[in-house]
Amino acid sequence: MCELFGASCSRPASFSKELAAFRLRGGLIADNPDGWGVAHWNGGRASVEKSPGPGYRSHRFRGLAHSLTSDLVIAHVRKATHPAAPGYLDTHPFVHDCCGREWVFAHNGMVPDVIERPGPFRSCHPDGQTDSEFAFCHLLAGIVDCYDHEDLDGWLSRLAAIADTLARFGRFNFLLSDGEVLIAHGHDRLHHEERSGDCVLIATEPLDDGAWQAFAPGELRVYRRGRLLAKHAGRIGDAGRL
């Protein structure tokens, strides 16, 4: 059911080994054949490439895995559920502008009831049909009036609370970035590996024999340039109101 990969480092780095392993999970060694996408940042802007085809067959994904160098990465391989047929607009990562920043989001899990929930989508209008993108817009709508990229305290707790609420509609593991921080929410299936030199890798499943650690259920972790800035313990329970 989809898989995530992310990285945040103090300086641009290559992730060829990890991305090569992750690419094979796009339909060859894991059942995620319905699209792939990679977002990486250079010069403060996100570059996003994606396709609704199987990642393991993609020559472009293979090339990116070996050539990409960045200090911030979000990648995804998809198992299509809502909608069931793969399509470009429903392929992760998704990109939307909000609060004067460009945001990138990728999700693992299912929160289909979120599509039916009304939302103040002035700041984010879904382009596709996935529950994932609707959930992304709920997150942005929840912080649009308090976001400050220089001050995490005012908006991060709001974001964590919304993530907890969305998780109660199903399964809600995600990666999110405003180009500065990497936010990782491990509802029930996410791992992190913190490496020397201020670099952290995030993946749904460990990609090698390194010192990967599982997120606590519902845990949200925030990194900037490879350093852990904040973490929130999740609250798992019944679905509430958005």
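Scroll up for the structure.
What this report covers is the structure whose coordinates are included nearby. (Residues numbered from 1 in each chain as written. Predicted model: local features only at pLDDT ≥ 70, side-chain atom pairs only at ≥ 80, totals over all residues. Heavy atoms only, no water.)

### Quick look at the environment of Glu-133
Okay, so step 1: Within the secondary structure layout, Glu-133 lies in helix H3 (residues 131–143).
Okay, so step 2: According to the relative accessible area criterion, Glu-133 is buried, its value standing at 2%.
Okay, so step 3: Put simply, Glu-133 and Phe-22 are 111 residues apart on the chain and 22 Å apart in space, counted from C-alpha to C-alpha.
Okay, so step 4: Residues in contact with Glu-133, not counting those within four places in the same chain, are Leu-89, Phe-94, His-96, Pro-126, Asp-127 and Gly-128. (Helix = DSSP H or I, 4+ residues; strand = E, 2+ residues; numbered from the N terminus. Buried < 20%, exposed > 50% of the residue type's maximum accessible area, 1.4 Å probe, protein only. Contact = heavy atoms within 4.5 Å.)

### Thoughts on empty space enclosed by the protein
Okay, so step 1: If you walk through the whole model with that rule in mind, you get 1 cavity of 30 Å³ or more.
Okay, so step 2: Each pocket or cavity is described by its volume, and for the largest cavity that value is around 60 Å³.
Okay, so step 3: Along the walls of the largest cavity sit Met-1, Cys-2, Arg-78, Lys-79, Thr-81, His-82, His-92, Gly-109, Thr-130, Asp-131 and Ser-132, which together make up its complete lining.
Okay, so step 4: For the lining of the largest cavity, the per-class residue count stands at 2 nonpolar, 6 polar and 3 charged. (1 Å grid on protein atoms, 1.4 Å probe; cavity = no way out; pocket = protein on both sides within 12 Å on 5 of 7 lines; lining within 4 Å. Points joined across faces, edges and corners; volume = space filled by probe spheres on them. Nonpolar A, V, L, I, M, F, W, Y, C, P; charged D, E, K, R; others polar.)

### Observations concerning H3
Okay, so step 1: When the terminal C-alpha atoms of H3 are compared, their 19 Å separation across 13 residues agrees well with the 18 Å that a helix rising 1.5 Å per residue should span.
Okay, so step 2: By the criterion of burial, H3 is predominantly enclosed, with 13 of the 13 residues buried. (Expected span 1.5 Å × (residues − 1).)

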